[in-house]
Amino acid sequence: MGVKLYGPDFAAGKRVLVCLIEKEVEFETVPIDIIKGQNKDPDFLNLQPFGVVPVIQDGDLICKSRAIIRYYAEKYKSQGTDLLGKSIEERGLVEQWLEVEAQNYHPAIYTLAMEILFARKKGIPSDTKAIKESEKKLGKVLDIYEERLSKSKYLAGDFFSLADLSHLPLTKYLADMGKMYLIEERKHVKAWWDDISNRPSWKKVSRSRWPLVE
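Residues numbered from 1 in each chain as written. Predicted model: local features only at pLDDT ≥ 70, side-chain atom pairs only at ≥ 80, totals over all residues. Heavy atoms only, no water.

S.K.: What is the right way to read the pattern of salt bridges from this model?
M.R.: A side chain of one charge can pair with a side chain of the opposite charge if their charged atoms are brought near each other. Applying the stated criterion across every chain yields a total of 18 salt bridges. One salt bridge in this structure joins Asp82 and Lys86, with 3.8 Å as the shortest N-O distance. By relative accessible area, Lys86 is classed as exposed at 75%. Through salt bridges that share partners, Arg70, Glu74, Arg91, Glu95 and Glu99 make up one connected network. (Salt bridge = Lys/Arg side-chain N within 4 Å of Asp/Glu carboxyl O. Buried < 20%, exposed > 50% of the residue type's maximum accessible area, 1.4 Å probe, protein only.)

Put into structure tokens, the structure is as follows:
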């Protein structure tokens, strides 16, 4: 068996799984229920002292999903899909858009998911003001994406990369929240999403439930 991925069946873990499948790396998943606090259990803290998920065991331990996908894209660069680009310029654009996803795209959708999906699951009221503000912020980010994607098929150029891959799990939450109009009303963003969301790796991950073995 290959590497072990510990974590919940949430967006960050799915980000890692898509990368592992694209890179043709064997893996198995070990579910960790953070809602029940399993990431704070003594056995898990012996593995990851800060209780951070997802964490992957591949000799050493690596945590944080974007660090993990960078690691595997580099470690297996000549295997599977090239997710980093072929030149230093392409790599720079991949890193740039990974940062845009982490710093601009992710926060808005994360707030929406917490206020709509997880508030509902926990039985607590949603913050309507936070929802409206996050939708507005996300719309402004997507306007920038629309401009970028009018000039290139993918975010870093004309090749699928970590920059695109990293958007997959949280964008799926928009569908779960009934807010895909934010994607669909932007022609080039919609074409990009239709493309990346139809990749076999994402179809497998989005339709599967942990534990998952490849």
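Here the narrative resumes.
S.K.: Would you explain the packing of aromatic side chains in this entry?
M.R.: The geometry of an aromatic ring pair comes down to the distance between the two centres and the angle between the two planes. Summed over all chains, the structure comprises nine aromatic pairs. Arranged with centres 4.8 Å apart and planes meeting at 80°, the rings of Tyr71 and Tyr72 form a pair that is edge-to-face. On the numbers, 6.0 Å between centres and 5° between planes, the contact of Tyr72 with Tyr76 is stacked. A residue is classified by how much of its surface remains accessible, and Tyr72, at 0% relative accessible area, is buried. (Phe/Tyr/Trp six-rings, centres within 6.5 Å; stacked < 30°, edge-to-face > 60°.)

S.K.: Sorry, what's going on with the environment of Leu138 here?
M.R.: Turning to its location among the elements, Leu138 is positioned in helix 5 (residues 128-149). Residue class for Leu138 comes out buried when judged on its relative accessible area of 0%. Counting along the chain gives 21 residues from Leu138 to Phe159, while the straight-line C-alpha distance between them is 24 Å. Residues in contact with Leu138, not counting those within four places in the same chain, are Tyr105, Ala108, Ile109, Leu112, Leu174 and Leu182. (Helix = DSSP H or I, 4+ residues; strand = E, 2+ residues; numbered from the N terminus. Contact = heavy atoms within 4.5 Å.)

S.K.: How should the packing of helix 1 (residues 11-22) against helix 7 (residues 168-176) be read in this particular structure?
M.R.: The angle between the axes and the distance between the axes are what describe a pair of packed helices. Look at helix 1 against helix 7: their axes get within 8 Å of each other, and the N-to-C directions meet at 130°. Relative to helix 7, helix 1 is oriented oblique. Residues Ala11, Lys14, Arg15 and Val18 of helix 1 lie in contact with helix 7, whose contacting residues are Leu168, Pro169, Leu170 and Tyr173. A per-class count over the contact of helix 1 with helix 7 returns six nonpolar, no polar and two charged. (Axes fitted to C-alpha atoms, helices over the stretch in contact; angles between N-to-C directions. Parallel < 35°, antiparallel > 145°, perpendicular 65-115°, else oblique. Nonpolar A, V, L, I, M, F, W, Y, C, P; charged D, E, K, R; others polar.)

S.K.: Would you explain the pairing of strand 3 (residues 55-58) in this entry?
M.R.: Side-chain direction in a regular strand flips from residue to residue, so the side chains alternate between the two faces of the sheet. Relative to strand 3, strand 1 (residues 3-7) is paired through three bridges, and the arrangement is antiparallel. Counterpart to Leu5 in the pairing with strand 3 is Ile56. With four bridges connecting them, strand 3 and strand 4 (residues 60-63) associate as antiparallel partners. Each residue of the ladder has a partner; that of Val55, found in strand 4, is Cys63. Where strand 3 folds back on strand 4, the antiparallel hairpin that results is connected by one residue, among which Gly59 adopts a positive phi of roughly 80°. (Pairing = 2+ DSSP bridges.)

S.K.: Which parts of the structure should I look at to understand helix 3 (residues 65-75)?
M.R.: Turning to helix 3, its buried residues number three or more, namely Ser65, Arg66, Ile68, Ile69, Tyr72 and Ala73. The arc that holds every buried residue of helix 3, seen down its axis, measures 155°, which confines them to one face. Those residues of helix 3 that are buried lie in contact with strand 1, helix 1, strand 3, strand 4, helix 4 (88-122) and helix 6 (162-165). (Arc of directions from axis to C-beta.)

S.K.: What is the right way to look at the nonpolar core in this model?
M.R.: Nonpolar side chains in soluble globular proteins tend to end up buried together. Membership of the largest hydrophobic core comes to 59 residues, with the highest contact counts inside it found for Tyr145, Leu162 and Leu174. Considering every element that reaches this core, the biggest residue donor is helix 4, with twelve residues. Not counting residues up to four positions away in its chain, the partners in contact with Tyr145 are Trp97, Val100, Glu101, Tyr105, Leu155, His167, Val189 and Trp192. Grouped together as the second largest cluster of nonpolar side chains are five residues, Tyr6, Ile32, Leu47 and Val55 included. (Core = buried A, V, L, I, M, F, W, Y, C linked by side-chain atoms within 4.5 Å.)

S.K.: It is not clear to me how unusual backbone geometry should be interpreted in this structure. Could you clarify?
M.R.: For the bond from Val53 to Pro54, the omega torsion is -5°, close enough to zero to count as cis. With respect to the helices and strands, the residue Pro54 is situated in the loop between helix 2 (42-47) and strand 3. At Glu24, a position not held by glycine, the phi torsion is positive, near 60°. Within the chain, Lys64 stands out as a residue other than glycine whose phi angle is a positive 75°. Within the secondary structure, Lys64 sits in the loop between strand 4 and helix 3.

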